[in-house]
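So the chains spell out like this:
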Amino acid sequence: MIEKLNFNLTLTKDEYLSLIAIKNWRGKDWSDPPNNDIKNIKSEIRRQLDLNQVKCAYCGLKFKDKGDSQIEHIAAKSDAKPTRHPEFTFTLKNLVLACVSCNGFSKKSAQETIANKHQTYSKCTFTIVHPYFDNPDDHYDWVIDLTAVIIQVNNGSLKGAESIRMFGLDSSEMTELRAGQKLLEDLKREMPLSFSKENLLRRILNR
Ligand SMILES: [Zn+2]
């Protein structure tokens, strides 16, 4: 349903050197790239994420098209508020693709996701189920029927509860969209579907 991300983004030595060369970045908002090197590194990261992710890292719903996905900083990057973490802007394990809905102002936006901060990213503790570090099945439980796939907290997981709250994973819209996606995936496993039939089903199921 929601899957752990099992890939590693990689940068070349030259790309790392470019990042190191611009050392005065700490505290700056990288959304406005200071030079072409940064732009190129960002597009390389986007290329690798596109290759590895067909589903949103947070809600597990398949992207409808490229415009439905955005590079997302798990710990928000801008320094405009104290809850944000510009030093992790290019930390590769802080970067995922998320759908426009999960990444939007009504859901995650720049909400805090770090519970205890450490200067080494992997030693931080997070308030939500981390797409690379956590196994979603440890935090979520699923109740499945034909019209809804309902998400619940597993074993009282606080991270599971916070992700469900932040991304509205238990909304009726989410549970129905998830059921449509599961039905389509089950059908594809059971029978070969032509491209046109699969497209038709996607339209009907809104998936
Ligand atoms: Zn999403």
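First things first, this report covers the structure right here in the doc. (Residues numbered from 1 in each chain as written. Predicted model: local features only at pLDDT ≥ 70, side-chain atom pairs only at ≥ 80, totals over all residues.)

What follows covers the pairing of strand β2 (residues 95–99). Within β2, five of the five residues are buried, which leaves the element mostly enclosed by the surrounding structure. Neither face of β2 is exposed, since L95, L97 and C99 on one face and V96 and A98 on the opposite face are all buried. As paired strands, strand β1 (residues 69–73) and β2 are joined by five bridges and run antiparallel to one another. Pairing of H73 across the sheet is with L95, part of β2. (Buried ≥ 20, exposed ≤ 12 C-beta atoms within 10 Å, placed from the backbone. Helix = DSSP H or I, 4+ residues; strand = E, 2+ residues; numbered from the N terminus. Pairing = 2+ DSSP bridges.)

Turning next to the environment of S163. Topologically, S163 is positioned in helix α5 (residues 158–167). Exposure remark for S163: the 29 C-beta atoms within 10 Å place this residue in the buried category. In contact with S163, other than residues within four places in its own chain, are Y58, I128, V129 and L169. (Contact = placed C-beta atoms within 7 Å.)

Before going further, it helps to examine the nonpolar core. Grouped together as the largest cluster of nonpolar side chains are 24 residues, with contacts concentrated most on C56, Y58, C59, V96, A98 and C102. Contributing elements (two or more residues each) for this core: β2, α5 and α6 (172–190). Those residues in contact with Y58, other than ones at most four positions away along the chain, are A98, C102, S163 and F167. (Core = buried A, V, L, I, M, F, W, Y, C linked by C-beta atoms within 7 Å.)

Function cannot be read off these values alone, since they describe shape.
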